[in-house]
Amino acid sequence: MNENIKIFLIGFMGSGKTAYGKPLAELLNTVFFDMDHYIEKKYCSSIAKIFTEEGEKKFRLYERETLCEITEGNRSFVLATGGGTPCHYNNISYMNMHGTSVYLKCTVDELYENILRSNPERPLLQGKHGNELHEYIKSLLSAREHIYNKAKIILTGENHNPQKIFEIIANAMQSG
Ligand code: S3P
């Protein structure tokens, strides 16, 4: 595959950006970055701590800086962004300008189930359970979806596996 391939995986919390991103990077024979993990290492803190001690606004600035650093510092990569990354600083346009954004689209029910099974530390979800959590996902997703939908490639659930994602990206790149 093309040497200069920058893939930005975008989508709501729990959509599988990290889970699919790692094997996808292997298939593409490139490096994998996870935005949250990168920020935690770079700023020697945890995402939860950054939110409580410095605030969400500062976190969004760190995200922007990290997005530019990874994009400009690497010719080729798969980056699992944070769920809110495309929605701030016009990051979605930045990603579309520099590479291929891929939206892992899920239903509210799928996200709810995945979130219950995964990292409970996410600051935006703290203290929310059951119906309240479900409603929160629904309203935040509907506020964000018009931005996620600006992705160059949109993949629904049946295409959420690394091999399929790889094939769809390869086809999209061949057809320009
Ligand atoms: C956020 C998603 C999280 C993390 C932070 C904020 C969001 O990343 O960046 O808690 O605004 O949706 P994941 O999507 O990897 O959980």
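Relevant structure appears above.
Values in this document were obtained by computation on a predicted structure and should not be read as measured data. (Residues numbered from 1 in each chain as written. Predicted model: local features only at pLDDT ≥ 70, side-chain atom pairs only at ≥ 80, totals over all residues. Heavy atoms only, no water.)

A word on helix α7 (residues 130-148). Between its terminal C-alpha atoms α7 stretches 25 Å, which fits the 27 Å expected from 19 residues at 1.5 Å a residue. At Ser142, α7 shows its largest bend, some 35 degrees. Inspection of α7 places Leu133, His134, Ile137, Leu140, Leu141, Arg144, Glu145, Ile147 and Tyr148 among the buried residues, and these make up the whole buried set. On the buried face of α7, the contacting elements are β1 (6-10), α4 (56-73), α5 (91-98), β4 (100-104) and α6 (108-117). (Helix = DSSP H or I, 4+ residues; strand = E, 2+ residues; numbered from the N terminus. Expected span 1.5 Å × (residues − 1). Bend = angle between axes of the 7 residues up to and from the residue. Buried < 20%, exposed > 50% of the residue type's maximum accessible area, 1.4 Å probe, protein only. Contact = heavy atoms within 4.5 Å.)

The next thing to look at is the pattern of salt bridges. Scanning the model with the defined rule gives four salt bridges in all. When the shortest N-O distance is used, the salt bridge between Arg60 and Glu56 registers 2.9 Å. Separated by four residues within a single helix, Arg60 and Glu56 lie in helix α4, roughly one turn from each other. Judged by its relative accessible area of 32%, Glu56 falls in the partly exposed class. Here Glu63 and Arg60 are joined by a salt bridge, their closest N and O atoms 3.0 Å apart. Note that Glu63 and Arg60 are positioned in helix α4 at a spacing of three residues, about one turn of the helix. Look at the salt bridges and you will find they share partners, linking Glu56, Arg60 and Glu63 into a network. (Salt bridge = Lys/Arg side-chain N within 4 Å of Asp/Glu carboxyl O.)

Here we take up the pairing of β1. Across the five residues that make up β1, a large majority, five, are buried. By the alternation rule, side chains of β1 split into Lys6, Phe8 and Ile10 and Ile7 and Leu9, which are all buried. When β1 meets strand β3 (residues 77-80), the two strands line up parallel, connected through four bridges. Bridge assignment links Lys6 to a residue of β3, and that residue is Phe77. Alignment of β1 against β4, held across four bridges, turns out to be parallel. Counterpart to Ile10 in the pairing with β4 is Tyr103. (Pairing = 2+ DSSP bridges.)

Surveying the vicinity of the ligand reveals 13 residues, the closest of which are Lys17, Asp36, Arg60, Arg122 and Arg144. Between the ligand and the protein, one listed contact pairs an oxygen atom with a side-chain N or O atom of Asp36 at 2.8 Å. Within the contact set of the ligand, an oxygen atom lies 2.7 Å away from a side-chain nitrogen or oxygen of Arg144. Isolated, the ligand exposes 390 Å² of accessible area, and the fraction of that covered by the protein chains is 94%. Here the ligand is seated within the largest pocket. Here the residues of the shell around the ligand are counted per class, giving five nonpolar, three polar and five charged. (Near = heavy atom within 4 Å. Polar contact = N/O pair within 3.5 Å; in protein donor to acceptor, adjacent residues only side chain to side chain. Areas by Shrake-Rupley, 256 points an atom, 1.4 Å probe, with all protein chains shown as cover. 1 Å grid on protein atoms, 1.4 Å probe; cavity = no way out; pocket = protein on both sides within 12 Å on 5 of 7 lines; lining within 4 Å. Sits in = over half its atoms within 2 Å of the grid points. Nonpolar A, V, L, I, M, F, W, Y, C, P; charged D, E, K, R; others polar.)

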